[in-house]
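# A closer look at the structure
Listed below are the residues making up each chain.
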Amino acid sequence: MVKIDAILDRFQLERDIRDGWISRKMHPSFPQIALLCYTKKAQIENHWTKETLNARCAIYNMHTLEVFGRGMPKFMNLNQPGAPEIELDDPVWYSDKLDGSLIIFWQRPDGEIEAATKGAFRSDQAIEATRHFYEEWTLDARNEVLAALDYGMTWVGELIGPSNRVVLDYAADRIAPIGVVDNATGRLEEVSEEGP
């Protein structure tokens, strides 16, 4: 398993938590498990460092420092400070931006799979995604998530639908696959749209 200090500087992380750039939330049932996320303050003030960029739903054990899961690093929208400069004739990779909540699946110390959102273990969206995982996904789909975890990857998706309406009105609740994130590098690899 990758350790959190392979992703970010732990001493800088503690300073960023103290200074309000990153939040750390403890799991309600496993107090040694923490979830990191950049804060609204970091967003408003465009405080993007290695630590704030990589603290996007990073889940780790505070004692062993092992990473249980992570979302892809923060990305910048076009014309946002830190966004890449793109010329009109540059090749680009693009995808649909779904209107919902980022969901990651991680394996708890007791072996159960649980969903988390960008900044919470037990948000309404995380609870709904966990329910989807156990009640609506096929065994093959659940095994796909387990296989990713076994290879040091985190399966990420977007919870969309009427129960999680932000702006768009989707017909039914579902978790749209985004990809798998390498826990060591943060690199996102796509998965098929069918997904679980």
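For the structure, see preceding data.
Everything in this summary refers to the structure shown in the same document. (Residues numbered from 1 in each chain as written. Predicted model: local features only at pLDDT ≥ 70, side-chain atom pairs only at ≥ 80, totals over all residues. Heavy atoms only, no water.)

## Some remarks on the overall build of the protein
Our working definition: A run of H or I in DSSP counts as a helix once it spans at least four residues, and a run of E counts as a strand once it spans at least two, with each numbered from the N terminus. Between the two quantities, the radius of gyration covers C-alpha atoms and the globule rule is 2.2 Å times the number of residues to the power 0.38. Only protein chains enter the accessibility calculation, which uses a 1.4 Å probe; a residue is then buried when its area is under 20% of its type maximum, exposed when over 50%, and partly exposed in between. Contact definition: two residues touch when any of their heavy atoms are within 4.5 Å. Values of accessible area rely on a 1.4 Å probe in the Shrake-Rupley scheme; residue burial ignores everything except the protein chains shown. Only four residue types enter the charge count, namely Lys and Arg as positive and Asp and Glu as negative; His and the chain termini do not. Just so you know, the charge point we use is NZ for Lys, CZ for Arg, CG for Asp and CD for Glu.
Secondary structure summary: the protein contains five helices and nine strands in total. Listed by position from the N terminus, the elements making up the protein come as α-β-β-α-α-β-β-β-β-α-α-β-β-β. Expected size for 196 residues packed as a compact globule is a radius of gyration near 16 Å; at 17 Å, the protein falls within 12% of this value. Referenced to the eigenvectors of the C-alpha coordinate spread, the extents of the protein come out at roughly 50 × 40 × 30 Å. When burial is assessed residue by residue, the protein has 43% of its 196 residues classed as buried. The long-range fraction of contacts in the protein, counting pairs at least 24 apart against all pairs at least 6 apart in sequence, stands at 55%. As displayed, the protein offers around 10,700 Å² of accessible surface, 51% of which is attributable to carbon and sulfur atoms. For the protein, the distance from the average position of its 21 positive side-chain charges to the average position of its 32 negative side-chain charges is 7 Å.

## Digging into a negative patch on the surface
What counts is decided by this rule: Each patch is built from residues lacking any salt bridge and having more than 30% relative accessible area; the joining distance is 9 Å for like charges and 5 Å for nonpolar side chains (Val, Leu, Ile, Met, Phe, Trp, Tyr). Here, a salt bridge means any Lys or Arg side-chain nitrogen found within 4 Å of an Asp or Glu carboxyl oxygen.
A surface patch of negative charge is lined by E85, E87, D89 and D90. As for its placement among the helices and strands, D90 is situated in the loop between β4 (67-69) and β5 (101-107). For D90, a relative accessible area of 33% translates into the label partly exposed.

## With respect to unusual backbone geometry
Positive phi is not limited to glycine here, since C57 has a value of about 65 degrees. Counting through the fold element by element, C57 comes out in strand β3 (residues 56-61). Classification of C57 by relative accessible area gives buried; the value is 0%. Phi at L65 is positive, roughly 70 degrees, even though this residue is not glycine. Counting through the fold element by element, L65 comes out in the loop between β3 and β4.

## Thoughts on the layout of surface pockets
Counted only if it meets this: Cavities and pockets are found on a 1 Å grid laid over the protein atoms alone: a cavity is a set of points where a 1.4 Å probe fits but cannot escape, a pocket is an open set with protein on both sides within 12 Å along at least five of seven lines, and a lining residue has an atom within 4 Å of such a point. Grid points are joined across faces, edges and corners, and a volume is the space filled by probe spheres set on the points. Residue polarity is assigned by list, with Asp, Glu, Lys and Arg as charged and Ala, Val, Leu, Ile, Met, Phe, Trp, Tyr, Cys and Pro as nonpolar; anything else, Gly included, falls into the polar class.
Space inside the second largest pocket adds up to approximately 170 Å³. Here the residues of the lining of the second largest pocket are counted per class, giving six nonpolar, three polar and one charged.

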